[in-house]
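Working through the structure, step by step
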Amino acid sequence: DHAALLDTSGGSSSSTGIGLYILAATRTYKIFIVKGSAGNYVSNAVTTAAYPNNTNFHRLVITYDQTLASANINISLDGAFVGSSNKGVAAVNNAPSTYAPIIGRFAGPSGAFDGVIAEYLIYNKIFSVAEVAQNYLSAKRRMPWANLP
């Protein structure tokens with residue numbers, strides 16, 4: 001029912017971690033940030049932005065700013081802002097996940113991403129929408145083989 005792009009929760013809602021999934025039925029993104037106790041989500045948001053249903057390379061960027069009260073999860077695809085979501089009311093648990101990050105699949109037996117993840121970057125900086133667009137243009141020049149849109 002979903003394909004995981006990243007999972008650090010170990011597949012458990014009672015652990016601390018994050019997840020980014022594409023829901024199969026709608027191809028929309030689900031951003032999952034769990035605090036460390038069952039059902040105590042910082043974010044369990046589904047966006048209205050849909051992932052393209054094609055075989056082209058795409059550059060997906062998610063930013064999360066826990067200091068903002070709203071629009072604190074922003075999503076950009078191929079350099080263009082496509083939507084935002086809000087964290088829930090639960091406070092962020094700054095404890096590290098006890099599970100290793102899994103890229104391209106869910107911690108459970110299903111949920112593998114059917115595609116190629118060519119580059120995965122994690123920053124300790126929150127990029128503005130303009131910076132995301134600039135980074136996309138830079139990546140497009142740096143990776144002409146990817147034929148980014």
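Residues numbered from 1 in each chain as written. Predicted model: local features only at pLDDT ≥ 70, side-chain atom pairs only at ≥ 80, totals over all residues. Heavy atoms only, no water.

Relative to the helices and strands, Ser 76 resides in strand β6 (residues 73–77). Among the residues examined, Ser 76 registers a relative accessible area of 4% and is labelled buried. When near neighbours in sequence (up to four residues on either side) are disregarded, Ser 76 contacts Arg 59, Leu 60, Val 61, Phe 81, Val 82 and Val 132. (Helix = DSSP H or I, 4+ residues; strand = E, 2+ residues; numbered from the N terminus. Buried < 20%, exposed > 50% of the residue type's maximum accessible area, 1.4 Å probe, protein only. Contact = heavy atoms within 4.5 Å.)

A few words now on the nonpolar core. Formed by Ala 3, Leu 5, Leu 20, Ile 22, Tyr 29, Ile 31, Ala 49, Tyr 51, Ile 73, Ile 75, Leu 77 and Phe 113, the largest nonpolar core amounts to 12 residues. Among the elements of the structure, β1 (2–7), β2 (17–23), β3 (28–34) and β6 are those that each provide at least two residues to this core. Here this core gets three residues from one element, more than from any other, and that element is β6. In this view, Ile 75 contacts Tyr 29, Ile 31, Thr 47, Leu 60, Val 61, Ile 62, Ala 80, Phe 81, Val 82 and Gly 83; residues no more than four positions away in its chain are not counted. Core analysis: the next-biggest nonpolar cluster, separate from the first, contains five residues, Tyr 136, Ala 139, Ala 146 and Leu 148 among them. (Core = buried A, V, L, I, M, F, W, Y, C linked by side-chain atoms within 4.5 Å.)

A word on the sheet that holds strand β5 (residues 60–64). Spatially, β5-β6-β7 is the arrangement adopted by the three strands of the open sheet, whose pairing is antiparallel. Single-partner strands in this sheet number two, and they are β5 and β7 (80–85). Between one strand axis and the next, the sheet turns by 20° as a mean value, whatever way the strands run. (Pairing = 2+ DSSP bridges. Axes fitted to C-alpha atoms, helices over the stretch in contact; angles between N-to-C directions.)

It is worth spelling out the confidence of the model for the protein chain at this point. Across the protein chain, the average pLDDT comes to 74, with 69% of residues at or above 70. By mean pLDDT, the top-scoring element of the protein chain is helix α1 (residues 129–142) (89), and the lowest-scoring one is strand β4 (residues 41–50) (67). (pLDDT = per-residue confidence, 0-100.)

What follows concerns a nonpolar patch on the surface. A cluster of nonpolar side chains, namely Ile 103, Ile 117, Tyr 120 and Ile 122, defines an oily patch on the protein surface of about 370 Å² accessible area. Looking at the secondary structure, you find Ile 103 in strand β8 (residues 102–103). (Patch = residues over 30% accessible without salt bridge, like charges linked within 9 Å, V, L, I, M, F, W, Y side chains within 5 Å. Areas by Shrake-Rupley, 256 points an atom, 1.4 Å probe, with all protein chains shown as cover. Salt bridge = Lys/Arg side-chain N within 4 Å of Asp/Glu carboxyl O.)

Phi is positive for Asp 78, close to 55°, though the residue is something other than glycine. Classification of Asp 78 as buried rests on a relative accessible area of 16%.

Before going further, it helps to spend a moment on the pattern of salt bridges. Throughout the structure, instances matching the rule amount to one salt bridge. Between Lys 125 and Glu 131 there is a salt bridge, with its nearest N and O atoms 3.0 Å apart. Residue Lys 125 is classed as partly exposed on the basis of its relative accessible area, which comes to 41%. On the accessibility criterion, Glu 131 (30% relative accessible area) is partly exposed.

Within β1, five of the six residues are buried, which leaves the element mostly enclosed by the surrounding structure. Where β1 and β8 come together, two bridges link them in antiparallel fashion. Looking at β8, one finds that Asp 7 is bridged to Ile 102.

To continue, consider the pairing of β7. Every regular strand shows the same layout, with side chains that alternate between the two sheet faces. Across five bridges, β6 lies against β7 in antiparallel orientation. Opposite Ile 75, over in β7, you have Gly 83 as the bridge partner. In sequence, β6 turns back onto β7 through a hairpin of two residues, with Asp 78 there showing a positive phi of about 55°.

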